[in-house]
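Each chain is listed here by its residues.
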Amino acid sequence: MNLLGQPVGLVHYLVVGAVLFACGVVCMAVKRNAVGVLMGIELVLNGANLNFVALGSRFLRADSPLALGLDGQAMALFVIVLAAAEAAVALAIALNYYNTHATIDVDEADQLKG
Amino acid sequence: MAVHWHSFFFWLMAIMACGFALAVVFSNNIVRMAFYLILSLGAVSGLFFLAGADFLGAMQLMIYVGGTVVLLVFGVMLTARRPWVDMQTSGGQWVLAAVVGALLLAVLLQTAFSVPPWQSSAAAAGALPPAAEPTAGPLGLAMVGVRVERMADRPAAESSSGLAGYLLPFEIVSVHLVVVLVGAAYLARARRRLSAAAPARPLEEAPQ
């Protein structure tokens, strides 16, 4: 199998990141459970993180001046921290919503509809 | 035929990450979705390790897999009742989401393939990647404002542009994290005090 004999490049990482991103977007659009929508957001953030890390990787970059270097990893670290904060707040909101509506279905949240 | 082990583990982790991400999308049971998400995020941390980001891979395992997903599982357990564990989406919405997702994936893939290859000459020749240097030290020093990995290849007399670290974003994100955690604790606690004062009111009055 020729695929295993070749070294991986930047494009491989970008394709995996794109697949994760598209999966997350579809998950956000399709799920009716609010926690499922949150899981879609986590997938999207992971796809973006993978691109950051791949563009800054020591193994994949040439001696290009455009390579991110350690900046990519620092950005990915900030994304991870912000994702943790976002998950905490969103879960608190979801629990409040469940306590007041006795359901977690996001289609039922239509009080603000004009 | 010689197997390139770096590529072998890359393909293993990539197939795991993409496959379990698809399983998250196509599963209807919220508990199984949480489990597939754990496996997908773990595989992504393996990809981080393979790209040479060892500290970031460890942080991904500790914060995401060990923290965020546990938080999500607690959310599932606190909100999962039998009728709402399996919530079905109608077929029309599935078709619409699949079309939009396929279009988005096509655009992203086209962009990804148009990026010029960045492989260094040694990697393009098929050599194994060099031994990993730990990135925790330079990353931690960058957070306090010293870019040691960039100081090596420039003389001290040169201008210090590009040497700025991440001290200010680090402080901002720290304060942000504190505010967010206090806010989340307040949001999650306030309703419980209310419902303790008026027990079991929301469940009966809730419109279905």
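**Student:** I'd like to hear about the overall build of chain B, residue by residue, with values.
**Tutor:** Helices and strands together make up the secondary structure of chain B, namely 10 helices and 0 strands. Listing every helix and strand of chain B by position from the N terminus yields α-α-α-α-α-α-α-α-α-α. A buried classification covers 30% of the 208 residues belonging to chain B. Partitioning the intrachain contacts of chain B with sequence separation of at least 6 by distance along the chain shows that 53% fall at a separation of at least 24.

**Student:** Kindly report on the overall build of chain A, identifying the contributing residues and their values.
**Tutor:** For chain A, the count of helices and strands is 4 helices and 0 strands. Buried residues in chain A amount to 58% of all 114 residues. In chain A, 54% of the contacts between residues at least 6 apart in sequence involve partners at least 24 apart. Here chain A displays about 4100 Å² of accessible surface, and carbon together with sulfur accounts for 66% of that area.

**Student:** With reference to specific residues and values, describe the interface of chain B and chain A.
**Tutor:** Counting residues at the interface gives 93 residues for chain B, matched by 82 residues for chain A. For the pair chain B and chain A, the interface holds 9 residue pairs in polar contact (both at pLDDT 80 or more). Secondary structure elements with two or more residues in the side of chain B that touches chain A: α1 (5-26), α2 (30-50), α3 (54-79), α5 (91-114), α7 (136-143), α8 (148-151), α9 (167-197) and α10 (201-205) of chain B.

**Student:** Could you give an account of the packing of aromatic side chains, naming the residues involved and the relevant values?
**Tutor:** Where two aromatic rings form a pair, the distance of their centres and the angle of their planes describe that pair. By the definition in use, this model includes 9 aromatic pairs over all chains. Their ring planes at 40° and their centres at 6.3 Å tell us that Trp-5 of chain B and Phe-9 of chain B sit as a pair that is tilted. Taken together, the residues span about one helical turn, with Trp-5 of chain B and Phe-9 of chain B both in helix α1 at a distance of 4 residues. Residue classification places Trp-5 of chain B among the exposed residues on the basis of a relative accessible area of 51%. Seen in terms of ring centroids, Phe-35 of chain B and Tyr-36 of chain B are 6.3 Å apart; in terms of plane orientation they differ by 45°. Their pairing is tilted. On the basis of relative accessible area, Phe-35 of chain B is assigned to the partly exposed category, the value being 48%. Put simply, the rings of Tyr-13 of chain A together with Phe-10 and Trp-11 of chain B pair up and form one aromatic cluster.

**Student:** So what about the environment of Gly-69 of chain A? Which residues, and what values?
**Tutor:** In this fold, Gly-69 of chain A is placed in the loop between α3 (34-55) and α4 (70-101). Separated by 16 residues in the primary sequence, Gly-69 of chain A and Val-53 of chain A place their C-alpha atoms 8.7 Å from one another.

**Student:** Can you break down the packing of α2 of chain B against α3 of chain B residue by residue, with the values?
**Tutor:** Residue and element names in this part refer to chain B. Where α2 contacts α3, the axes come no closer than 8 Å and their chain directions differ by 175°. The orientation of α2 with respect to α3, classified from their angle, is roughly antiparallel. Residues Ile-30, Val-31, Ala-34, Leu-37, Ile-38, Leu-41, Gly-42, Val-44, Ser-45, Phe-48 and Phe-49 of α2 form the contact with α3, whose own contacting residues are Asp-54, Leu-56, Gly-57, Ala-58, Gln-60, Leu-61, Tyr-64, Val-65, Val-69, Leu-72, Val-73 and Val-76. Considering only residue class, the contact of α2 with α3 consists of 18 nonpolar, 4 polar and 1 charged.

**Student:** Just give me the short version of the environment of Ala-51 of chain B, but keep the residues and values in it.
**Tutor:** Among the structural elements, Ala-51 of chain B can be located in the loop between α2 and α3. The class for Ala-51 of chain B is buried, based on a relative accessible area of 3%. Between the C-alpha atom of Ala-51 of chain B and that of His-6 of chain B, which follows or precedes it by 45 residues, the distance is 9.7 Å. Residues in contact with Ala-51 of chain B, not counting those within four places in the same chain, are Tyr-13, Val-53, Ser-57, Arg-58 and Phe-59 of chain A.

**Student:** Account for the nonpolar core, naming residues and giving values.
**Tutor:** Counting 59 residues, the largest nonpolar core has Tyr-13, Met-39 and Leu-50 of chain A together with Phe-10, Leu-37 and Leu-56 of chain B as the members making the most contacts within it. Looking at this core, the elements with two or more residues in it are α2 (10-30), α3 and α4 of chain A together with α1, α2, α3, α5 and α7 of chain B. Each of domain 1 (1-87) and domain 2 (138-149 + 164-196) of chain B gives at least three residues to this core. Residues Ala-34, Ala-94 and Ile-104 of chain A together with Met-87 of chain B belong to the second largest nonpolar core, which totals 5 residues.

**Student:** Can you explain the pattern of salt bridges? Please cite residues and give values.
**Tutor:** All names here are of chain A. Under the counting rule described, the total for this entry stands at 2 salt bridges over all chains. Across the salt bridge formed by Arg-32 and Asp-105, the nearest N and O atoms sit 2.4 Å from each other. Taken together, the residues span a long stretch of sequence, with Arg-32 in the loop between α2 and α3 and Asp-105 in the segment after α4 at a distance of 73 residues. We classify Arg-32 as partly exposed; its relative accessible area is 23%. Three or more residues joined by partner-sharing salt bridges are found here, namely Arg-32, Asp-105 and Asp-107.

**Student:** Explain the packing of α2 of chain A against α2 of chain B to me, and be specific about the residues and the numbers.
**Tutor:** Where α2 of chain A meets α2 of chain B, the axes come as close as 12 Å, and the angle between the chain directions of the two elements is 160°. Classified by the interaxial angle, the pair formed by α2 of chain A and α2 of chain B is roughly antiparallel. For the element pair α2 of chain A and α2 of chain B, the recorded crossing hand is left-handed. Of the residues in α2 of chain B, those touching α2 of chain A at Tyr-13, Val-16 and Leu-20 of chain A are Ser-40, Val-44, Leu-47 and Leu-50 of chain B.

Cut-offs applied
Residues numbered from 1 in each chain as written. Chains lettered and ligands numbered in written order. Predicted model: local features only at pLDDT ≥ 70, side-chain atom pairs only at ≥ 80, totals over all residues. Heavy atoms only, no water. Helix = DSSP H or I, 4+ residues; strand = E, 2+ residues; numbered from the N terminus. Buried < 20%, exposed > 50% of the residue type's maximum accessible area, 1.4 Å probe, protein only. Contact = heavy atoms within 4.5 Å. Areas by Shrake-Rupley, 256 points an atom, 1.4 Å probe, with all protein chains shown as cover. Polar contact = N/O pair within 3.5 Å; in protein donor to acceptor, adjacent residues only side chain to side chain. Phe/Tyr/Trp six-rings, centres within 6.5 Å; stacked < 30°, edge-to-face > 60°. Axes fitted to C-alpha atoms, helices over the stretch in contact; angles between N-to-C directions. Parallel < 35°, antiparallel > 145°, perpendicular 65-115°, else oblique. Nonpolar A, V, L, I, M, F, W, Y, C, P; charged D, E, K, R; others polar. Core = buried A, V, L, I, M, F, W, Y, C linked by side-chain atoms within 4.5 Å. Domains from an automatic or database assignment. Salt bridge = Lys/Arg side-chain N within 4 Å of Asp/Glu carboxyl O. Left-handed = near helix turned anticlockwise from the far one by under 90°.

Nothing here speaks to function; it is geometry throughout.
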